[in-house]
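Each chain, letter by letter, is given below.
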Amino acid sequence: MKRKHKGRKIYKTKEKNYYGKSPVGKALSAALTVLLIGGIGFIGYSVAEPIINYTQHKGDKPVQETTASDTTGEDATEDTSSAEGEVKAPEKFQAAGLVPSDMVSAAALQTALSAVPHNAGVEFVEVPLKARGGKIYYATDSQEAKTCGAVSSALSLADIVAAIEQSGFKPAAEISAFYDNQLPTKYPSAGYVTVDDGSQWVDNDPKNGGVPWTTPASEEALAYVSSVIDDAAAAGFERIVVTDIMYPYFRESDLALLDGQYGRTDRFLALTSAANLFYERSVSGGASMYVGVSAADMLKGNCDVLQPQLLSANTVVLNVDVDELKKGVSDGKMLYEFEGSPAEITEKCLGFLKDRLAGFNVTVRISGSGATAEELISAKEKTAAYGYASFVIG
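Heads up: these notes are all about the structure in this document. (Residues numbered from 1 in each chain as written. Predicted model: local features only at pLDDT ≥ 70, side-chain atom pairs only at ≥ 80, totals over all residues. Heavy atoms only, no water.)

### Looking at the side chain of K130
Thought 1: Note on placement: K130 falls in strand β2 (residues 124–130).
Thought 2: Within the local environment of K130, its side chain forms a polar contact with the side chain of D180, the two groups lying 2.9 Å apart.
Thought 3: When neighbours within four sequence positions are excluded, K130 is seen to be in contact with K135, I136, E174, I175, S176, A177, D180, Y224 and V228. (Helix = DSSP H or I, 4+ residues; strand = E, 2+ residues; numbered from the N terminus. Polar contact = N/O pair within 3.5 Å; in protein donor to acceptor, adjacent residues only side chain to side chain. Contact = heavy atoms within 4.5 Å.)

### Examining the side chain of S167
Thought 1: Secondary-structure assignment places S167 in the loop between α4 (157–166) and β3 (170–176).
Thought 2: The contacts of S167, once residues within four sequence positions are left out, are Q110, L113 and H118.

### Examining the packing of aromatic side chains
The description of two aromatic rings rests on the distance between their centres and on the angle between their planes.
Thought 1: The full count for this structure, using the stated rule, is 14 aromatic pairs.
Thought 2: Note on Y386 and Y388: the rings are 6.4 Å apart at their centroids and 20 degrees apart in plane angle, and the pair reads as stacked.
Thought 3: Judged by its relative accessible area of 10%, Y388 falls in the buried class.
Thought 4: These aromatic residues form a ring-pair network of at least three members: Y192, W201, Y247, F250 and Y262.
Thought 5: When the ring centre of F338 is taken as reference, the NZ or CZ atom of K348 above it lies at 5.6 Å.
Thought 6: The ring of F391 carries K380 above its face, with NZ or CZ at 4.5 Å from the centroid. (Phe/Tyr/Trp six-rings, centres within 6.5 Å; stacked < 30°, edge-to-face > 60°. Buried < 20%, exposed > 50% of the residue type's maximum accessible area, 1.4 Å probe, protein only. Lys NZ or Arg CZ within 6 Å of the ring centre and 35° of its normal.)

### Quick notes on the packing of helix α2 (residues 106–114) against α4
Thought 1: Running from amino to carboxyl end, α2 crosses α4 at an angle of 25 degrees, the nearest separation of the two axes being 10 Å. With respect to each other, α2 and α4 are oriented roughly parallel. When the axes of α2 and α4 are compared, the crossing they make is right-handed. On α4, the residues touching L109, Q110 and L113 of α2 are I160, A163 and I164. (Axes fitted to C-alpha atoms, helices over the stretch in contact; angles between N-to-C directions. Parallel < 35°, antiparallel > 145°, perpendicular 65-115°, else oblique. Left-handed = near helix turned anticlockwise from the far one by under 90°.)

### Re the sheet that holds strand β9 (residues 361–367)
Thought 1: With respect to topology, eight strands assemble into a closed barrel ordered β1-β2-β3-β4-β5-β6-β9-β10, the strand pairing being parallel. Recorded for the sheet is a direction-independent mean angle of 30 degrees between the axes of neighbouring strands.
Thought 2: Examined bridge by bridge, strand β5 (residues 288–294) and strand β6 (residues 315–321) share four bridges and lie parallel to one another. Bridged to G292 within β6 is V317.
Thought 3: Across the sheet, helix α11 (residues 342–353) touches β6 and β9, and the angle it forms with β6 is around 135 degrees. (Pairing = 2+ DSSP bridges.)

Structural measurements only, silent on function.
Dropping the structure here:
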């Protein structure tokens, strides 16, 4: 039941005549006024300071007084040159993205690097070290990766970095987090289990064919992804894009079998907590960490991790897979249809998602095996109209 708002009451008082006060009365009145004003100022400062301190985020600079020179002329603009309280522009990430098949051998990697355009403003090459599905494309020392059969390349990280740098680019890594169907096959505790008998839950969606996933609620799964991040940062990958920080597409029948946390509205907390862990591991290793999300997943409504007030990472890499979007995307209520060139599909997709990306520094990745390099570069140009200066092609 809603409470009726009665409005604010206004109390009127009759004006009193104070002109008849004696000199002594006037002096006492003035003294009381000074004491009253001083008391209010002291109480206000005492209360305001802890409130200000409480509401500041960890790492915020203290609020500083504003002078007249701060609000006039050129001095009103943000000062990006001062060491104290410096305001930095968002990092630019202009890259070409490789695919898992490019990572299976030194020859395949070199062929892919030779095809990267040098005239499209590309600075980084992003390579999949842990791909969607769980396969790992470098010679990891992880016993878990070896046991579950995830290792799919004999290339060392040092060799991968050297090949990228010799081609004139900087190394960036792509690491899929929880869309991992490999690890739970040998380590069931890293995946989802049913609440009745503790048996392994598998995704029976026909497209997936009955495979397990890893869960952000598993310490084992978190440690596994963190170890790949540690390897990448130590090897010299300057940027790390962690993708698939997500849940499977649970149906009501799935949620009935699983722990209640996966059906709650606050289930995003486990994902943001995992993302922040990955951020800390990346930064402590000297790398920048970005959150990678799929445009199709966003349109379907399965992108719980995007909580700008909770995430340490502020950069989102949005993957616009034109092949996937051409098939149409449904969120259960609305069907999103995409036709035309990669540029037209990208432009339409960004129109749908721009508001949902508010609050983030956005990099747009345009991918699709059915598109040519020229078509992807043309699609990249469409992102500038939305204010996005960073991109990944491929």
